[in-house]
Amino acid sequence: MLFSLAVIFLVGLSAAAIFQAIGMPRIIGMLATGILTGTYVLDLLDPKILGISSELRQIALIIILIKAGLSLNLSDLKKVGRPAVMMSFLPASFEILGYFILAPLLLGINHTEAAVMGAVLGAVSPAVVVPRMVKLMEEKYGTEKSIPQMILAGASCDDIFVIVLFSTFVTMAQGGSAKATDFLNIPVSIILGVLLGALSGFVLFYIFEISYRKGNKIRNSTKVIAILGLAFLLMSVETFLKPYVAVSGLLAVVAMACVIKIKADKSVSARLSEKFGKLWIAAEAVLFVLVGAAVDIRYTLTAGVAAVLLIFGALIFRAVGVWICLLGTKLTLKEKLFCVTAYMPKATVQAAIGSVPMSLGLPCGKIVLSVAVLAILITAPLGAIGIDRSYKRLLAHEE
């Protein structure tokens, strides 16, 4: 396992640096490292580390979401209002509709299987989008109109919406029927996640505050560990409560970090944000190398040209959904184009659930996995390049 970690850090970060040096996004180097060193090519990574890959990727995602929460200004988010709420479900709905219409025509599957495919492919990748939106907030690009805040919030909720739909469509594909209560899980999950996270943030802040008043100063490094520990607990609560009630652990983590930012002194939250930014350097390598390792490159060969056309066709549906969300806002044409670009990347969710239909024995399992793999390879680099290359031209810089 130690050799595998050495490969992840040394080769992954070196590849990231090489791609950055030639003007490409770092994640392409890390994804490529994972694909080449994973089970399906060179097989250099220990099966033990691949066995806990999903947990390691989740830890990395938690780190960047805490960083995002500590950088997010809720007053800015309030200014956005309606579009931020719509961005959490409408673009994904349009993309799923795109697969529902186009997949039977291009791939010959039935509409229920097309809905399953759409649910796998419909989620935007917070792992690609969130760190870039945090960077934009720090550099103050688009912040006057709260564009990165809106995209960050929408991307965090988008996954919950899609995963609930995925579970429902899989049940239908297995011969079951959808229930109205399944769809009620979406708002319940979001509301309970925010409430649980906010409460946890208040409790943790007051523990820090009481300790400080009693003369026991807690080091920022200790606070980081405490925040991480509580974040892991919130994610565990989601798992524990899953049979009884839906709770979004990821939204709880963001809400907790937001409350700490609001309640703590600005200098304290800034230092905590900086420390999580340093942790992200290692977490980013773990996340994207392991996402790459989860990609079975063999399935891209079976997907064919029809799958590529399907992915781009569905992305057009998604772009229409994003555009509708932004109607009536003060955003310029350039800013709307940026939002469309930023909502393109696929990676984490597709790597996590792309193989589920095949493992359940659904007839569409292999083609769903093939399209999911191809979508990661196409949209993650394109989305990352699109964001990195366009934000200075498309977004206004706030002095």
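The name that an unreviewed UniProt entry assigns to the protein is Cation:proton antiporter, with the source organism given as Ruminococcus bicirculans. The UniProt entry for the protein carries the following comment under Subcellular location (unreviewed entry): "Membrane".

**Student:** Can you explain the overall build of the protein? Please cite residues and give values.
**Tutor:** Per the secondary structure count, the protein includes 19 helices and zero strands. Whereas a compact globule of 399 residues would reach a radius of gyration of roughly 21 Å, the protein reaches 20 Å, a difference of no more than 12%. Here the C-alpha coordinates of the protein stretch approximately 70 × 55 × 50 Å along the principal axes. Across the 399 residues in the protein, those meeting the buried criterion constitute 54%. Taking as baseline every contact in the protein between residues at least 6 positions apart, the subset at least 24 positions apart corresponds to 81%. Charged side chains of the protein number 34 positive and 22 negative; the gap between the two group centres comes to 5 Å.

**Student:** Got a sec to walk through the nonpolar core? Specific residues and values, please.
**Tutor:** Counting 92 residues, the largest nonpolar core has Ile66, Met133, Met150, Ile151, Phe288 and Phe338 as the members making the most contacts within it. Top contributing element to this core by residue count: helix H14 (residues 266–293), with 13 residues. Among all residues touching Met133, those that are not within four sequence positions of it are Pro148, Ile151, Leu152, Phe338, Ala342 and Ile387. Among the nonpolar cores identified, the runner-up in size contains 39 residues, and Ala92, Leu102, Ala103 and Leu362 belong to it.

**Student:** Account for the environment of Ile281, with residues named and values stated.
**Tutor:** Looking at where Ile281 falls in the secondary structure, it is placed in helix H14. Along the chain, Ile281 and Asp388 lie 107 residues apart, while their C-alpha atoms are 18 Å from each other.

**Student:** Describe the pattern of salt bridges, with residues and values.
**Tutor:** Taken as a whole, this structure holds nine salt bridges when the rule is applied. For the salt bridge of Glu95 with Lys346, the shortest nitrogen-to-oxygen distance reads 2.6 Å. You can see Glu95 sitting in helix H7 (residues 90–107) and its partner Lys346 sitting in the loop between helix H16 (333–342) and helix H17 (348–353), a full 251 residues away along the chain. Grouping residues by exposure puts Glu95 and Lys346 together as buried. Here Asp158 makes a salt bridge to Arg318, at a shortest N to O gap of 3.4 Å. Residue Asp158 is found in helix H10 (residues 147–173), and its partner Arg318 is found in helix H15 (residues 298–325); the two are separated by 160 residues along the sequence. With relative accessibility at 0%, the residue Asp158 sits in the buried group. Residue Arg318 is classed as buried on the basis of its relative accessible area, which comes to 2%. Through salt bridges with shared partners, one network takes in Glu95, Asp158, Arg318 and Lys346.

What counts and how
- Residues numbered from 1 in each chain as written.
- Predicted model: local features only at pLDDT ≥ 70, side-chain atom pairs only at ≥ 80, totals over all residues.
- Heavy atoms only, no water.
- UniProt positions renumbered as here; feature names shortened; annotations may be inferred.
- Helix = DSSP H or I, 4+ residues; strand = E, 2+ residues; numbered from the N terminus.
- Rg over C-alpha atoms; globule rule 2.2 N^0.38 Å.
- Buried < 20%, exposed > 50% of the residue type's maximum accessible area, 1.4 Å probe, protein only.
- Contact = heavy atoms within 4.5 Å.
- Lys, Arg positive; Asp, Glu negative; His and termini not counted.
- Charge placed at Lys NZ, Arg CZ, Asp CG, Glu CD.
- Core = buried A, V, L, I, M, F, W, Y, C linked by side-chain atoms within 4.5 Å.
- Salt bridge = Lys/Arg side-chain N within 4 Å of Asp/Glu carboxyl O.

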